[in-house]
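Fold and geometry: a report
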Amino acid sequence: MTHPVDIHVGQRLKEIRRLRGLSQMEVARALNLSFQQVQKYEKAANRVSASKLFTLAQFFDVSPLYFFEGLDETNDVSDPDAAIMGALSSIKDASVKERLVTLIKDVSGQTVSEGK
């Protein structure tokens, strides 16, 4: 029986691929996979390994947490770091995302390098 987490990850992969207007073949080529493998990931017939999940996140320019967002609908805020990362990964505008990261660093006392 397929684990619910694998099903969710596959659904999120399919969702972001479609949102970006990409075919399974285009994603497969970018990741050096067959389109059948991408299809199996999306249908949860095969599990996405941690390394491949990381590569997918880089390819789509999202946090690896993106693939797990919405999995726990209890909205447990016991892990605020995960909540912040998830929220940041869903922001599409790079300049807005950069400004928010700068704000978080400023508030936390981390130094922000000049020109960044």
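Here is a short report on the structure shown in this document. (Residues numbered from 1 in each chain as written. Predicted model: local features only at pLDDT ≥ 70, side-chain atom pairs only at ≥ 80, totals over all residues. Heavy atoms only, no water.)

**Focus: unusual backbone geometry**
Going by this rule: Exposure is judged per residue with a 1.4 Å probe applied to protein chains only, and the accessible area is read against the type maximum: over 50% gives exposed, under 20% gives buried, and values in between give partly exposed. Each helix is a run of H or I in the DSSP string that is no shorter than four residues. Each strand is a run of E no shorter than two, and both are numbered from the N terminus.
The phi dihedral of Asn-32 is positive, around 60°, even though this residue is not glycine. Judged by its relative accessible area of 72%, Asn-32 is exposed. Of note, the phi angle at Asp-61 is positive, near 60°, even though the residue is not glycine. Along the chain, the position of Asp-61 falls in the loop between helix 4 (50-60) and helix 5 (80-89). Judged by its relative accessible area of 60%, Asp-61 falls in the exposed class.

**Details of a nonpolar patch on the surface**
As a reminder of what qualifies: Note on patches: the residues involved have over 30% relative accessible area and no salt bridge, like charges join within 9 Å, and the nonpolar side chains Val, Leu, Ile, Met, Phe, Trp and Tyr join within 5 Å. Using the Shrake-Rupley algorithm and a 1.4 Å probe, accessible areas are obtained, with residue cover drawn only from the displayed protein chains. Salt bridges are defined as contacts in which a side-chain nitrogen from Lys or Arg sits within 4 Å of a carboxyl oxygen from Asp or Glu.
Taken together, the side chains of Leu-65, Phe-68 and Leu-71 make up a nonpolar region of the molecular surface, amounting to roughly 220 Å² of accessible area. By the secondary structure assignment, Leu-71 is in the loop between helix 4 and helix 5.

**Details of the packing of helix 1 (residues 4-19) against helix 3 (residues 35-42)**
The cut-off we apply is this: Each axis is a line fitted through C-alpha atoms, taken for helices only over the stretch in contact, and angles between the N-to-C directions span 0 to 180 degrees. What sets the label is the angle itself: under 35 degrees gives roughly parallel, over 145 gives roughly antiparallel, 65 to 115 gives roughly perpendicular, and the rest give oblique. We call two residues contacting when some pair of their heavy atoms lies within 4.5 Å. Each residue gets one label: Ala, Val, Leu, Ile, Met, Phe, Trp, Tyr, Cys and Pro are nonpolar, Asp, Glu, Lys and Arg are charged, and the others, such as Gly, are polar.
With their axes 7 Å apart at the nearest point, helix 1 and helix 3 run at an angle of 120° to one another. Classified by the angle their axes make, helix 1 and helix 3 are oblique. Listed contacts from helix 3 to Gly-10, Gln-11, Leu-13, Lys-14 and Arg-17 of helix 1 are Val-38, Tyr-41 and Glu-42. Partitioning the contact of helix 1 with helix 3 into residue classes produces three nonpolar, two polar and three charged.

Function-wise, these values are silent; they only describe arrangement.
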